[in-house]
Every structure is written in C-alpha cells, then in structure tokens.
Number of protein chains: 2
Amino acid sequence: MALVPWACCPWLVLLCACAWGNPKPVDLQTKDVRNCSSSPQYLPVTVVNTTEKLTALRQQMHTHNLSAYIIPDTDAHMSEYIGEHDKRLAWITGFTGSAGTAVVTMGKAGLWTDSRYWTQAEREMDCNWELHKEVGTAPIVNWLLTEIPARGHVGFDPLLFSIASWESYEMAFRGSDRELVSIISNLVDLVWESERPPAPSQPIYVLQETFTGSTWQEKVSSIRSQMQKHHKAPTALLLSALDETAWLFNLRSSDIPYNPFFYSYTLLTDSSIRLFVNKSRFNSETLQYLNSSCTGSMCVQLEDYSQVHDSIQAYASGAVRIWIGMTYTTYGLYKVIPKEKLVADTYSPVMVTKAVKNNKEQALLRASHVRDAVAMIRYLVWLEKNVPKGIVDEFSGAELLDKFRGEEEFSSGPSFKTISASGLNAALAHYSPTKEFHRKLSSDEMYLLDSGGQYWDGTTDITRTVHWGTPSAFQKEAYTRVLIGNIDLSRLVFPAAISGRVIEAFARRALWNVGLNYGHGTGHGIGNFLCVHEWPVGFQSSSITMGKGMFTSIAPLCLPEPGYYQDGEFGIRLEDVALVVEAKTKYPGTYLTFEVVSLVPYDKNLIDVNLLSPEQLQYLNHYYQTIREKVGPELQRRQLLEELAWLQQHTEPLSAKAPHITSLFSLLAVSTLVILS
Amino acid sequence: MALVPWACCPWLVLLCACAWGNPKPVDLQTKDVRNCSSSPQYLPVTVVNTTEKLTALRQQMHTHNLSAYIIPDTDAHMSEYIGEHDKRLAWITGFTGSAGTAVVTMGKAGLWTDSRYWTQAEREMDCNWELHKEVGTAPIVNWLLTEIPARGHVGFDPLLFSIASWESYEMAFRGSDRELVSIISNLVDLVWESERPPAPSQPIYVLQETFTGSTWQEKVSSIRSQMQKHHKAPTALLLSALDETAWLFNLRSSDIPYNPFFYSYTLLTDSSIRLFVNKSRFNSETLQYLNSSCTGSMCVQLEDYSQVHDSIQAYASGAVRIWIGMTYTTYGLYKVIPKEKLVADTYSPVMVTKAVKNNKEQALLRASHVRDAVAMIRYLVWLEKNVPKGIVDEFSGAELLDKFRGEEEFSSGPSFKTISASGLNAALAHYSPTKEFHRKLSSDEMYLLDSGGQYWDGTTDITRTVHWGTPSAFQKEAYTRVLIGNIDLSRLVFPAAISGRVIEAFARRALWNVGLNYGHGTGHGIGNFLCVHEWPVGFQSSSITMGKGMFTSIAPLCLPEPGYYQDGEFGIRLEDVALVVEAKTKYPGTYLTFEVVSLVPYDKNLIDVNLLSPEQLQYLNHYYQTIREKVGPELQRRQLLEELAWLQQHTEPLSAKAPHITSLFSLLAVSTLVILS
C-alpha cells in the first residue's frame, strides 16, 4: 500500500501532483451530492442530519465559554487507522473519509479535507456544514479569525492533538487576540453519549514465542539499557503509539481495523513497568505472563487506561526525567511534563529499535511473504482464466483475494482494505470498491491490485498492475518506466545510515526522463504482525536513516492525468517489500542495498524490454530466479500445479532485442552469402 | 570550490567521512606542534602568546559578572569569509583557521574546532588554550556545565550569534541553572582596542549598468511588491547579509576577502529605504545615484552603520511588521523585534529573488565563464609543458593562474583562495599552498586545481584534476566514477521546484557502487560578481527548491583514505557551474535540467571510457562540442593558437571500445577468410 494518509503523518507532504498536472479525482461512483444553494436544498439519502448533534455540542461549548471547537480525525495515540469508538469527526459531521478536520463555531460548522474526499463529503454532510477544500492549520485559523470575536476561546481536546499540531495552531493564533484552550473532557464525547460505540473489550492475547523476535523481558532490558546510555539520563520512557506497547510486550488484540493493537500506554521506568490498559481484557495466563502480581522492575503493573493523564502528572512531580517520542505523544500528555523534566526525541527508542528486525524477525517476515505470494499467485491465475469471461468485478475479486490470503497459514486478515481497481479507477488514490460501487474487470483495461495480509509472522503489502489484453504503447512505456524505478532503487548500493529521502529519486528518474512523475511517497516501513505502514522507516524526510535489518516497501507509480491521453486513464503501481541488507563492494566500506522479499512476478505483457538496460534486465531475471526458488517449492508442496506452471511461465528469463548484434549477424550472413555466391 | 565551511552554514552537516572510513587529514607541512604536557612545555615559534589578552578579557568578564564568555568565528552578517576587523577568534586564541568557537572561563580557555584544523590549532595556540576536537553546541555546553558554578552567567555578543545558534545554546542550557547573557558590547573588542584593524574605509562604488540585471529602483520595486503580496503584510524588510545589500543597490566594495561587499544593513520599508553604512565611503556621484538627499519612497536615506541596532529597535516600537530571513539575521537584531511584529522566513525575499538570474544576468555569467575558461586553458597548457621539467610547485602554479585570470577582461581577483594541490595534498579539505609550504607538481602525481574568479559580470568556480603521466588503474577508476557522477547529475531531468537534496545522490551512485563516497556537499549557488558560495541555491536540505535561472555548481569528488591503497593518496574533484534550464520532455510538464556553463575539458588521460554508458559518452561528447564552439572562437580571436590546438586535441570525441561488436567483426573477418580459403 503505497499511499499514506497525511492525517497520521503531518510531516508527509503528499503533493498530490501526479504525472503531468494536478490530480482531478474522478468520482466514478455517483454524482448524487448535496446542493445547499438550491431552493429547497437538495440532500442525497446518504447525508446524515447533524442539527441536533450540533445544538448539543454548542451547548457544551457555551458551558465551557468557547467560541469555537476543533475536532480532528485522530485518536489519542496518533493512530493511522482509528477504531469506531474514536470516530468523533464522522459522528459529528456525517463525513466518513479518513482525513479531515471539523471546526464548529456558535453559528457555523466547517470541514476541511483534501481533494480525495470532496465528493464524498458532499454526499455525506448536510447543509449545516461548509466544505473547505483546503488542508493545514493556516486556512482553518484564517477562517476562525473572521468567524469568532476578539478574545474568543478556541477549544480542543489535548489528547487528540499531536505536539506539532498544537504548536502549529499556537503559532498561527499568536498575537491574534484569540486563545487556544485545552479541555481535557472531549466535548463531542459528552454529547455522543449512549450512541457512542463502547471501548473494545475483547481479549488481549500473547503472541506465541514462535512468532516473536525476543521476549518482552529482553525488549524491556534492551530499552532500559538505552535509557541508561542516554546523555540526559531519563528515569522513564512514555510510550503512546499503540504498536509500541504491542511490540514491547508481544501482545496483540483487534481494537483498530487492520491493526492488531489494543488501547494502551506504557510508562517504563528504571525500576517499574506500568501498563495502562483495560485490565479486564487479560486472562489469568496473560496476567501471569506479564508478572502482574508483583511490583519489581520486571513486573508489569497494570493501571486503568483512563488513568494515564493523572498518573503521568503524578510521576512527573517527582525528581524524574521522562523520555518521549515527540511524533506520537499527544499534547495532552506532553503538557503535564515540566520542560526541564522532558527528554524529547523525534521517535521513542522503541520506535527506533522496532524498526530494525533481528534475524528471527527477518526470517519470520520472509516466510510470510512466501505464503503471501502463494495467495497472490492463486488469485492472478484465477483472474487470468476468469476475467475474459466477464464474470469478475473489483469487489468480488478483492473478496476472493482476501479469502485466498485467509486460507494461508497464520493468517489474521488483510493488513489494509484491498485496493482492487480496474481501468480509470486505478488512477484514484485510496480507491476501494464496495459492494454497491465497483467496476467489472476486463481484458481491455489495466487492473491495479494493492493489498496485503496480517500473519502472525509478518505483515505484507504488495502491488501489481496487470493487463490481460493488448496494452497501448503508452501503457507499456509507463509500466516499464515504473518497473525501472522499482529496479533502480532496489538494486542501488548506498552508504549505511543514509536518509531514504536522498535516494528515492532513483525510483523516479525513468519517469522524469519523459515528463512523468508521481506525487506520493516511494515507500514505507512495515512490521511483524504490526502496522502495514510502520514508521519511521521509509523514504520521507522525517524517516530515520537506513540500516541493515529494516524492511521498507518500494513503490513507484504512475497516474497519468485522466483525459489527457485517450488511453491515459489508468494507474500503475508496482510495490514490493524489501529488506535492507549489506552490499559487498569492490572497495571496503559499510554499504547497503535492498533485497526484495515480495515474490510475485511482474506482468510481462506490460514490459517493453527494450527500455531496460542490460543491468536492469540482469537484475530482473535474477529476481525471477529467486521467485522460482522460493515460491516454486511451496506451490509444489501444496500441489498447486496450475499455479506452479503459471509461475514458471511468468518468470521465464527476459532478453532484450539487440539490434546491433542482430544487424551484425545479418551482415555476416549477407557477406557470407555474397562471398559464397 | 566544493567545500563549504560550516561556520557560515550551521545547518550544513559536512559529514567529513570521505571514501571508506573517517578522514585522517595528513599534515604535510610540519609536525612542529606545541607540547603542553612536557616539562618545560614546548611551544613552536608559530604560537601566539595570549596570556595578557586573556587577563584583560577576564577583567571585562568580571566587570560584567560573567563566569564564561563565548567567542564565535563569525561577523555580524553571518558572512562566510570575514574581514580582518572581525577576526576576534584569531586575535584572542592565536588560531587562524576559519572555523571554530572559543570559550573563556575565569580559569580556563578552550577552542572547539573540526579535524581540518587540529594540527593548525596545535601550532598556533599557546598552552593557555585547551583544544577540543569536537564541534556543535552540546560539547561546549557540557564542558561549561562542569567548569562554571551553578547560577553562573555565560556571556555572548548577540550580533555574532545567528538565531539558530542562540536557540541551540538556549535549549542546551535550559534547566541547567546557568544563564545565557547577551551583552551588546563585544568584550574582545573592548580589550583588542588599538591593536584592532580599523573598519574598512575604501570607497563603495556603483557597478556599471552593463553588468547588472536590473537597476536598484527596479529591484526595490520588485521586493516591495513581494512585501505587499505577503499574507502577513510586513511594513519593512531587514537585510543583514552583506550580499543582499550589495545586490539590491548594485553597489560593491572590498571589505571581505574574495567578496566584493561592504559592511551594511538595509531596512526597506513600504515608504522609505534606509541604508546603514559608513557614509563617508560614498562619493557625490554615488550619493546622487542613491537619491540620498531626499526622503521619499525611492530615496536612499543613509544612516550610520553603528546605528542599526537602535534604529531597528525604534522602528519596531511602532505599528509595524518586520520581515527577516532567519538564517542571516543575528540574534542581536532579532531580539529587538517583538514576536508579534516579526515576519520570519528562512531566507529574505532578496535572497530568494537574487537566486534566480534573469536573462541578462545569465548572459553575463555565461560570458564570464568563457573568459574564465581561457585563463584555465592557458594555465593547463603551460602546466603540460612545464610540469615535466620539474619547475612548477603548487604555490607558484596558483600564482600564475591568478595572474592569467587577472589578465582577463573585467577581472576583479580570485573568488576564493586557489586550491592548488599535488598528490596527497589534494586529499586535504581546504588545502591551499603557501609560499613556505607547498609541494612540487610532478608527472607522477595527480594535481587538483579548484579555483575561481570574480569578474564584473560574474563569479566563477571550477575544479579540474589532471595527471600528466601514467595514472594507476585505481586513479582512473576513481576519476571516471567522479566524472560519471558529474555527468549523471548534469544530464538529469527532474521536475521543477524539487529540492536539490533529493537529486544529489545521482552524483554519487557510480562511486557508491564500488564502495566509494565523499563527505561533502555536491554543489552550491554562485553569484554575479557576488558570493562564490551563494545561498540558498544548492543540494543541501536547507537549499530552496530548484528553479529555472538558478546557477549551481556540480562538484562530486573522491578522497580515498590515505594509506589504504599504495596509490590511494590523492583527491579528485570535478566541479562545474551549471544553469538550471527547462527540459523538453516527451510528455508535457514543467521539467528542468542543467546546462553546464563551465567550459574546460576533463583530462582524457584519466578517463576509462569503458566505464561510461553510451548515454554518458554521448553527453560528454556533446559537452566537448559546446566547449569547442564557445571557447574556440575566443582563443582564435586572441590568437592563442597553441591553446586552441590544445583545446581541439582535448575535446576530440571519445568512443567506447565495444567488445561485442569488435568480436563480431573479428568473427566476420574470420568466417570470411574461412569461406575464402
């Protein structure tokens, strides 16, 4: 999954300028949107009536002496995906897109979101809401300055604001005679009340030792040793991101869609371990596993999830220093720690340690990719047979793929909502088909499939684009240039500890060369049965430097602007997960390169071999050989013989037409003939 | 000149890790360094006695109730090169290197500098001074925390601290119970007194209109229009960098070595122009040129240079908003502007506007490069004849080159101290020969020449590395890989408005591929008779995005670690200045590429043609053709016929040996013979 919502990564600028020109998302599903300026107003059936909710919220705002209230799209852990329990923005606005900010004043209500969601917002919001087609803090604050009076108070829930986001609002309001007011009770929750889905209560379970790289005790010791080595000598580490706690204790649950996490915080001190969680979700074995009955340095003391704010405040009153990762800590917890007691890094040591997979974790992830390739290949083989019959659509296809993945050993569902997009739908960022709205797959169109699985041993993410008929020359060129980007970055040799940001252009050069580009990032880290987008590994400017043992996806794409070319309405993405490994260089030094662990062949129907250099071709054929060696035996073992034959056929070595040599041979033949004649 | 002292660019991390491993600068000049631990202490003759100076300084510190005083290496304009008048660090320490920070406490004195200068510091400082082989704020503050008592005051001159540098100290001292104290009178100046070189007083002159892109009135209007368009509506713009004021008014002088600037500040308001400068340096024509006798919006009001602090403070007390570029404004001026009246961007609009050269400025810069190439070629031809005779050394060579440049029309001296380095000296960053210490040039060694000129129409900077004998295979490989880096970046097609940081790795890939690298930046902007390092154009993370009309140098290098290879002790750099131009792409879009305007051929003796791809070879031959077309006629016109012949010879098209085709031809020949026989 190449695309990353900016909600969770404020620092990731998704330019959204794709190919040549600005994106113009095509709404393929419906044009049935609200019309608030007609008389009477027109509201589609998909709209939610928010009048009562807004009245109740404004009452709360009045009680708290607020002129405005800001409702972001996040949860208290800055999660990328959020649980039903946290969908405040959707409840108050009706808008269910994954990125946006709502602001309510006494007289108005506005939603700010990006172009991906404009149509959706117009279909889901009633006329209480203005849609603002902008993102970022500045437009919101500028709007507020005209809407609320001087000396007005703007309220927000500090547990739903990242530190950076708070700083950005704080800076924008500075000198404006309006005040940002942090209110620890969430006003939306106060009016949501009984309608609000309950907090998750399903069991939190222990991930079997077979599937973990180290025990929780080893992880705790390793993190404590980093605390000791830190020059600011923190006495405690506060973990706010859900995958940090899940990773540290090797615990999983299912509070968040596609992410096996549970609501929690951890305060790891030099002498204690305090886990903030709903205690009733542990069974007695798990409590024993955590040594929860004692209070020593290797005993996990359980405290109620809701106590975290007060507990951190109490701890911070002592002679302590609390280490936090600034990116995933909310302003609500940050502000209770006095500045002089704060040890602030961009990412927590758990985030950074987790980014480097040890040998066992690497082996686990590799193994999950072999099985994931089996599911993918089963699906591709099935498509090849059934698409020409006209019986496959995007939605049923995605369901079948999810089913194939589900049949793989250790499967725990998809790692994100499958992007199954045919023809021009593939040009839509974040497109997923629904039961109601989908397109039929056809041999006349390209099909983009971006999907992944959660397995107990690893998380996968792979994108392939295929064409079962006759692609146009432009489609082949675009596909091949995307492939060259993938190859050029994958085979790059680069110095250790370099930032991914400075090498990602190798994935773009072949596209740039002819005036093509893409507006998204080139890849992201990935976890072991954790996040499919596991920060801070990747190619963004905020990513940490590349190191041996990290996994990242490599995902160049091409989305030509619809309508520019008759045959330009498509999207191409080729995404693989790769392990960062040491490179052997002619002269000694610590150099790295990538080893691709995704194991599904590309579509040779779309490759223009003549655009590849001999080195690129050699790389590709070597990769195909690897696929044969790793996936072939698994298909054989499971008697998937049709799939095995398909694999052999689709990994046949490719060779370039070599005009020079051919013409020389012709010359040779001709001259021989001349001489002979 | 590829290397950039970090003094002026705190944000530029010069990793200093070159090739494979850490740098070990070789001190080739002398090992005659101080020994403070022997008894008696040993001090070389090059050492300066600082006892009395330190006593006087400590008296001042006592008067100001300070426990410590920080002396940086900058001037009040964050200049890269500083005038004699500003060499406080050198005067108080004895150390004359261009980068370092001195800190004096009541009992100790310490100098912090990087590895380039360690030996020099040990030769120049007496035993009053500790040498700390570290850089950055943290080591200095950590040292101070152990050296000065709690509640101690640490003094500094706010006009010598960048805002970032102040923030960095402020942050490091936070919660430490020590206080940073800004003292507007410089304590070193107070004790320097009569020994201090006077402030420059030579005339400030008007650059002829022939050599400027626009009149000062046009520039002022353009900047004012940017002020009006700014969403924060600044009422004034404060210019602190010396090249900002020199550019804005088309004025020049020679206060700073190699930089035609004069000490000045400008406060450009919506209704006035206030130039802070030593007024007596203008003659009546210049005063008239500046409209200095009136007070309208297009009249330049002259105020004394020393009044800037008080004048800004007075202006800031009104209902105003002052726009500054954070990078070049000192803390001293920043702090007098109330936060709510500050409009802060990274770079001032003058910095950003100046970065894009208009058509006339482009033509001027191009023209200066043709003449610069003539000087370079004259020198290279002369070297080719005279080096084998053993009569050339690094210093006399540099002098001759400077002389050749000086003979070119519009010459105004070198744009930086010529780096003329033979054999292993070329591996030293920032090496320049002196009359006393230099190495003979030889046909057995490589010679690196990094130099540039100031001309009224442009500033140049070019590096060539040559070998007149038989280079080793490793030297040829390293040279060719550096060349490939230069070619690959120069011919890159990239989207407009991209950051140079994300494309500079194309200059490194060929080196990385075999385990070679360089620790410096890849290039920098350059001015029109302004700075040879003109920020903020370049390939650093803090550079502004690339735009049509910018000039940047492209300067990959290779400095294998001395001693690793028998023949590894050398340095290779190939630096050209390139103009950012529009690229024509197959599919429409705004794409850019580089057009190299430096016009001196590379050394074919060092090129292994077989390492070049057909595309790289084609690019190179096209570049050679351009050199012939642009420099040839100039050599002809000046009857420099020997140089013209040399040029022709050194720009002969190169061609790869094509083993396949050759062997096929052999096969053809053989088969023909067989048939014939």
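Everything numeric here is computed off the predicted structure, so don't read it as measured data.

The rules behind these values
Residues numbered from 1 in each chain as written. Chains lettered and ligands numbered in written order. Predicted model: local features only at pLDDT ≥ 70, side-chain atom pairs only at ≥ 80, totals over all residues. Heavy atoms only, no water. Helix = DSSP H or I, 4+ residues; strand = E, 2+ residues; numbered from the N terminus. Rg over C-alpha atoms; globule rule 2.2 N^0.38 Å. Buried < 20%, exposed > 50% of the residue type's maximum accessible area, 1.4 Å probe, protein only. Contact = heavy atoms within 4.5 Å. Areas by Shrake-Rupley, 256 points an atom, 1.4 Å probe, with all protein chains shown as cover. Lys, Arg positive; Asp, Glu negative; His and termini not counted. Charge placed at Lys NZ, Arg CZ, Asp CG, Glu CD. Phe/Tyr/Trp six-rings, centres within 6.5 Å; stacked < 30°, edge-to-face > 60°. Lys NZ or Arg CZ within 6 Å of the ring centre and 35° of its normal. Disulfide = S-S within 2.5 Å. Pairing = 2+ DSSP bridges. Axes fitted to C-alpha atoms, helices over the stretch in contact; angles between N-to-C directions. Polar contact = N/O pair within 3.5 Å; in protein donor to acceptor, adjacent residues only side chain to side chain. Salt bridge = Lys/Arg side-chain N within 4 Å of Asp/Glu carboxyl O. Core = buried A, V, L, I, M, F, W, Y, C linked by side-chain atoms within 4.5 Å. pLDDT = per-residue confidence, 0-100. Left-handed = near helix turned anticlockwise from the far one by under 90°. Nonpolar A, V, L, I, M, F, W, Y, C, P; charged D, E, K, R; others polar. Parallel < 35°, antiparallel > 145°, perpendicular 65-115°, else oblique.

Regarding the overall build of chain A
Then, number 1: The secondary structure content of chain A amounts to 19 helices and 26 strands.
Then, number 2: Rg of the C-alpha trace for chain A: 27 Å, near the compact-globule value of 26 Å for 677 residues, within the 12% margin.
Then, number 3: The principal-axis extents of the C-alpha atoms in chain A amount to approximately 105 × 70 × 45 Å.
Then, number 4: Per-residue burial for chain A yields a buried fraction of 61% across its 677 residues.
Then, number 5: Long-range pairs, those at least 24 residues apart, make up 73% of the contacts in chain A with a sequence separation of at least 6.
Then, number 6: When the accessible surface of chain A is split by element, carbon and sulfur atoms take 53% of a total near 25400 Å².
Then, number 7: Across chain A, 58 positive and 70 negative side-chain charges occur, with their mean positions spaced 4 Å apart.

Structural notes on unusual backbone geometry
Then, number 1: Cis peptide bonds are those with omega within 30 degrees of zero, and the linkage from Ser-39 of chain A to Pro-40 of chain A qualifies with 0°.
Then, number 2: Positioned with a positive phi, Ala-233 of chain A is a non-glycine residue whose angle comes to about 45°.
Then, number 3: For Ala-233 of chain A, the position within the fold is in the loop between helix 7 (216-229) and strand 8 (236-239).
Then, number 4: Its relative accessible area of 45% is what places Ala-233 of chain A among the partly exposed residues.
Then, number 5: Backbone geometry places Glu-193 of chain B, a non-glycine residue, at a positive phi of 50°.
Then, number 6: With respect to the helices and strands, the residue Glu-193 of chain B is situated in the loop between helix 6 (187-192) and strand 7 (205-206).
Then, number 7: A relative accessible area of 59% means that Glu-193 of chain B is categorised as exposed.

Here we look at the packing of aromatic side chains
Then, number 1: All chains considered together, the criterion is met by 47 aromatic pairs over all chains.
Then, number 2: Residues Tyr-602 of chain A and Tyr-624 of chain A carry aromatic rings whose centres are separated by 6.4 Å and whose planes lie at 35° to one another, so their mutual orientation is tilted. With Tyr-602 of chain A in the loop between strand 26 (591-596) and helix 17 (614-637) and Tyr-624 of chain A in helix 17, the pair connects residues that are 22 residues apart, well separated along the chain.
Then, number 3: The class for Tyr-602 of chain A is buried, based on a relative accessible area of 3%.
Then, number 4: Using a relative accessible area of 1% as the deciding quantity, one classes Tyr-624 of chain A as buried.
Then, number 5: Geometry around Tyr-455 of chain A places Arg-371 of chain A over its ring, the cationic atom sitting 5.2 Å from the centre.
Then, number 6: It is Arg-508 of chain B that lies over the ring of Tyr-518 of chain B; its NZ or CZ is 3.8 Å from the centre.

Details of the state of the cysteines
All names here are of chain A.
Then, number 1: Following the criterion strictly, the structure yields four disulfides over all chains and no others.
Then, number 2: Through a disulfide, Cys-294 is tied to Cys-299; the S-S separation comes to 1.9 Å. Of note, the bridge from Cys-294 to Cys-299 carries an S-S torsion of about -105° and is left-handed in sense.
Then, number 3: Take Cys-294: its relative accessible area is 29%, and that puts it in the partly exposed class.
Then, number 4: Among the residues examined, Cys-299 registers a relative accessible area of 7% and is labelled buried.
Then, number 5: The connectivity of the disulfide-linked cysteines in chain A, indexed sequentially, is 1-2, 3-4.

As for the sheet that holds strand 21 (residues 494-495) of chain A
All names here are of chain A.
Then, number 1: With respect to topology, four strands assemble into an open sheet ordered 21-26-25-22, the strand pairing being antiparallel. At either margin of the open sheet sits one strand with a lone partner, and together these are strand 21 and strand 22 (551-554).
Then, number 2: Pairing of strand 21 with strand 26, which is carried by two bridges, proceeds in the antiparallel orientation. From the neighbouring strand, Phe-494 faces strand 26, where its bridge partner is Leu-592.
Then, number 3: In this fold helix 13 (residues 359-386) packs onto strand 22, strand 25 (576-583) and strand 26, with an angle of close to 140° to the strand it touches most, strand 25.

Some details on the side chain of His-85 of chain A
All names here are of chain A.
Then, number 1: With respect to the helices, strands and loops of the structure, His-85 is situated in the loop between strand 1 (68-71) and helix 2 (88-93).
Then, number 2: The class of His-85 is buried, set by a relative accessible area of 16%.
Then, number 3: A distance of 3.3 Å separates the side chain of His-85 from the backbone nitrogen of Ala-199, its partner in a polar contact.
Then, number 4: The residues touching His-85, leaving out its near neighbours within four places in the chain, are Trp-192, Arg-196, Pro-197, Pro-198, Ala-199 and Tyr-263.

Some details on the side chain of Arg-405 of chain B
Residue and element names in this part refer to chain B.
Then, number 1: Tracing the backbone through its elements, the reader meets Arg-405 in helix 14 (residues 394-406).
Then, number 2: Among the polar contacts listed, one links the side chain of Arg-405 to the side chain of Ser-451, at a separation of 2.9 Å.
Then, number 3: What Arg-405 contacts, discounting residues up to four positions off in sequence, is Asp-372, Ala-375, Met-376, Ser-411, Ser-451, Gly-452, Gly-453, Tyr-455, Thr-460 and Ile-462.

Side note on the pattern of salt bridges
All names here are of chain A.
Then, number 1: On inspection of all chains with the given rule, the structure shows 68 salt bridges over all chains.
Then, number 2: The residue Glu-534 makes a salt bridge to Lys-354 at a minimum N-O spacing of 3.6 Å. With Glu-534 in the loop between helix 16 (509-512) and strand 22 and Lys-354 in helix 12 (residues 349-355), the pair connects residues that are 180 residues apart, well separated along the chain. Neither Glu-534 nor Lys-354 differs from the other in exposure class; each is buried.
Then, number 3: Between Glu-407 and Lys-403 there is a salt bridge, with the nearest N and O atoms lying 2.7 Å from each other.
Then, number 4: Taking the relative accessible area as the measure of exposure, Glu-407 reaches 41% and is therefore partly exposed.
Then, number 5: What you see here is one network of salt bridges that share partners, running through Asp-86, Arg-88, Asp-189 and Arg-196.

Quick look at the nonpolar core
Then, number 1: Within the largest apolar cluster, 184 residues are counted, with the highest numbers of intra-cluster contacts made by Ile-503 of chain A together with Ile-503 of chain B.
Then, number 2: In this structure, Ile-503 of chain A is in contact with Leu-489, Leu-492, Phe-494, Ile-498, Phe-539 and Phe-594 of chain A together with Trp-512 of chain B, ignoring residues within four places of it in sequence.

Describing helix 10 (residues 308-316) of chain A
Then, number 1: Residues of helix 10 of chain A that are buried: Val-308, His-309, Ser-311, Ile-312, Tyr-315 and Ala-316 of chain A.
Then, number 2: Summarising the contacts, the buried residues of helix 10 of chain A are in contact with strand 8, strand 10 (265-269), strand 11 (273-276), strand 12 (300-303), strand 13 (322-325) and helix 11 (331-334) of chain A.

Section: the pairing of strand 20 (residues 462-467) of chain B
All names here are of chain B.
Then, number 1: With six of six residues buried, strand 20 lies mostly within the body of the structure.
Then, number 2: Alignment of strand 17 (residues 446-451) against strand 20, held across six bridges, turns out to be antiparallel. What sits directly across from Leu-448, in strand 20, is Thr-465.

Quick notes on the confidence of the model for chain A
Residues and elements named next belong to chain A.
Then, number 1: On average, residues of chain A score 92 in pLDDT, and 91% of them are at 70 or above.
Then, number 2: Long-range and interchain partners of residues 563-568, a stretch whose pLDDT sits below 50, account for 12 contacts in this model, where long-range means more than four residues apart.
Then, number 3: Taken over the whole predicted complex, pTM reads 0.91, whereas the ipTM for its chain interfaces reads 0.90.

Some remarks on the packing of helix 13 of chain A against helix 14 (residues 394-406) of chain A
Residues and elements named next belong to chain A.
Then, number 1: Interhelical geometry of helix 13 versus helix 14 gives an angle of 145° and a closest axis separation of 8 Å. Seen along the crossing, helix 13 lies across helix 14 with a hand that is right-handed. Residues Asp-372, Ala-375, Met-376, Arg-378, Tyr-379 and Trp-382 of helix 13 pack against Gly-397, Ala-398, Leu-400, Leu-401, Phe-404 and Arg-405 of helix 14.
Then, number 2: Of the residues contributing to the contact of helix 13 with helix 14, the split by class is eight nonpolar, one polar and three charged.

Quick word on the packing of helix 15 (residues 473-490) of chain A against helix 17 of chain A
Residues and elements named next belong to chain A.
Then, number 1: Orientation of helix 15 relative to helix 17, taken along the N-to-C sense of each, is 85°, at an axis distance of 10 Å. Considering the angle they form, helix 15 stands roughly perpendicular to helix 17. Residues Leu-483, Ile-484, Ile-487, Asp-488 and Ser-490 of helix 15 pack against Gln-616, Tyr-619 and Leu-620 of helix 17.
Then, number 2: Classifying every residue of the contact of helix 15 with helix 17 gives five nonpolar, two polar and one charged.

Observations concerning the environment of Met-227 of chain A
Residue and element names in this part refer to chain A.
Then, number 1: With respect to the helices and strands, Met-227 occurs in helix 7.
Then, number 2: You can call Met-227 buried: its relative accessible area is 3%.
Then, number 3: Met-227 sits 106 residues away from Leu-333 along the chain, and the two C-alpha atoms are 20 Å apart.
Then, number 4: Met-227 has contacts with Ala-233, Pro-234, Thr-235, Ala-236, Leu-237, Leu-268, Thr-269, Asp-270 and Trp-323, leaving out every residue within four places of it along the chain.

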